[in-house]
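Here are the chains, one letter per residue:
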Amino acid sequence: SAVISQKPSRDICQRGTSLTIQCQVDSQVTMMFWYRQQPGQSLTLIATANQGSEATYESGFVIDKFPISRPNLTFSTLTVSNMSPEDSSIYLCSVESGIAGYFTDTQYFGPGTRLTVL
Amino acid sequence: SQQGEEDPQALSIQEGENATMNCSYKTSINNLQWYRQNSGRGLVHLILIRSNEREKHSGRLRVTLDTSKKSSSLLITASRAADTASYFCVPRGGNTPLVFGKGTRLSVIA
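Description of the structure in this document. These figures come from a predicted structure and were not determined experimentally.

### Quick notes on the packing of aromatic side chains
Remark: the centre distance and the inter-plane angle together describe each pair of aromatic rings, the angle taken between the planes. Applying the stated rule across the entire model yields 7 aromatic pairs over all chains. Seen from their ring centres, Tyr35(A) and Phe100(B) are 5.8 Å apart, and the 80 degrees between their planes marks the pair as edge-to-face. Separated into two different chains, Tyr35(A) in strand β4 (residues 31-37) and Phe100(B) in the loop between β9 (85-92) and β10 (104-109) make up a pair that spans both. There is no split in this pair, since Tyr35(A) and Phe100(B) are both buried. Ring centres of Phe109(A) and Phe100(B) lie 5.7 Å apart, and the angle between their planes is 75 degrees; on these two criteria the pair is classed as edge-to-face. Residue Phe109(A) is found in strand β10 (residues 107-109), and its partner Phe100(B) is found in the loop between β9 and β10; the two belong to separate chains. Here Phe109(A) falls in the buried class, since its relative accessible area comes to 10%. Through a chain of ring-to-ring contacts, three or more aromatic side chains come together here, namely Tyr35(A), Phe109(A), Tyr35(B), Phe88(B) and Phe100(B).

And the structure:
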């Protein structure tokens, strides 16, 4: 299993500003993912972040809006840029177990960052 | 896409009763997983059942899988108020991240 922490746990931001969310894992993992959960909705995958390569974004998400860093096998950041009220969501970091470099079985999730944009 | 569809969307039961949630999917799978989310926070992996398995147990949880019908069910026996959460089924077939459906919102009333 993997233990994941996220910072901040919550924040209230003004429109037009940016927020960087940090994700720290207690073990080395190859596959890391960022999800968004808008109020009352299910989780939507934003991007897959692998160490040493550019993040892969899902349809509807772009790097200019959600830049991602993955400097090593235990850490990643997601920035929400030029925020608007529509960006108010819970942002969750997730990892695939192990460093096998391929999709295995279980994904583990961080506690989430609750973002409110005014 | 590999996304499960949970049914019902919402379920309300009394504490001590059993809760059954169903899942349907459309693609071939290697395994199917169930996750729980409390109060819109992080998700917890509950159980994984592989495509060659038909039933699996973990504590008060019982999961069944019927690949011919592309369906699964999650049974929670002797439910508790702490089981109140959203439950998601996630079919997994290949080299892709997990994709989540809308889930079943379970309310267990004390």
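### Some points on the sheet that holds strand β2 (residues 10-14) of chain B
Either a parallel or an antiparallel arrangement is found when strands of a sheet pair, and the pairing is made through backbone hydrogen bonds. Residues and elements named next belong to chain B. Strand order across the open sheet formed by 5 strands is β2-β10-β9-β4-β5, with mixed pairing between neighbours. Unpaired on one side and paired on the other, β2 and β5 (43-50) mark the two borders of the sheet. Pairs of neighbouring strands in the sheet enclose a mean axial angle of 25 degrees, with direction left out of account. Bridge count for β2 against β10 is 5 bridges, and the pairing is parallel.

### Considering the state of the cysteines
Overall, the coordinates contain 2 disulfides over all chains when judged by the stated rule. The disulfide partner of Cys23(A) is Cys93(A), and the gap between their sulfur atoms is 1.9 Å. For the disulfide bridge between Cys23(A) and Cys93(A), the dihedral angle about the S-S bond is near -65 degrees, and by the sign convention the bridge is left-handed. Highlighted residues: Cys23(A) in strand β3 (residues 19-25) and Cys93(A) in strand β9 (residues 89-96), separated in sequence by 70 residues. In this structure, Cys23(A) and Cys93(A) share a single accessibility class: buried. In this model Cys23(B) forms its disulfide with Cys89(B); the gap between the sulfur atoms is 1.9 Å. Taking the sign of the S-S torsion, 70 degrees for the link of Cys23(B) and Cys89(B), the bridge is right-handed.

### What to know about the pattern of salt bridges
Summed over all chains, the structure comprises 4 salt bridges over all chains. Between Asp87(A) and Lys65(A) there is a salt bridge whose closest N-O contact spans 2.6 Å. A residue pair is termed long-range when its members are at least 10 positions apart, and Asp87(A) in the loop between β8 (75-80) and β9 and Lys65(A) in the loop between β6 (56-57) and β7 (68-72) qualify at 22 residues. Two residues, Arg60(B) and Asp83(B), come together in a salt bridge whose shortest N-O distance is 2.9 Å. Placement of Arg60(B) in the loop between β6 (55-58) and β7 (61-66) and of Asp83(B) in the loop between β8 (71-76) and β9 is noted, with a sequence separation of 23 residues between them.

Definitions and cut-offs
- Residues numbered from 1 in each chain as written.
- Chains lettered and ligands numbered in written order.
- Predicted model: local features only at pLDDT ≥ 70, side-chain atom pairs only at ≥ 80, totals over all residues.
- Heavy atoms only, no water.
- Phe/Tyr/Trp six-rings, centres within 6.5 Å; stacked < 30°, edge-to-face > 60°.
- Helix = DSSP H or I, 4+ residues; strand = E, 2+ residues; numbered from the N terminus.
- Buried < 20%, exposed > 50% of the residue type's maximum accessible area, 1.4 Å probe, protein only.
- Pairing = 2+ DSSP bridges.
- Axes fitted to C-alpha atoms, helices over the stretch in contact; angles between N-to-C directions.
- Disulfide = S-S within 2.5 Å.
- Salt bridge = Lys/Arg side-chain N within 4 Å of Asp/Glu carboxyl O.

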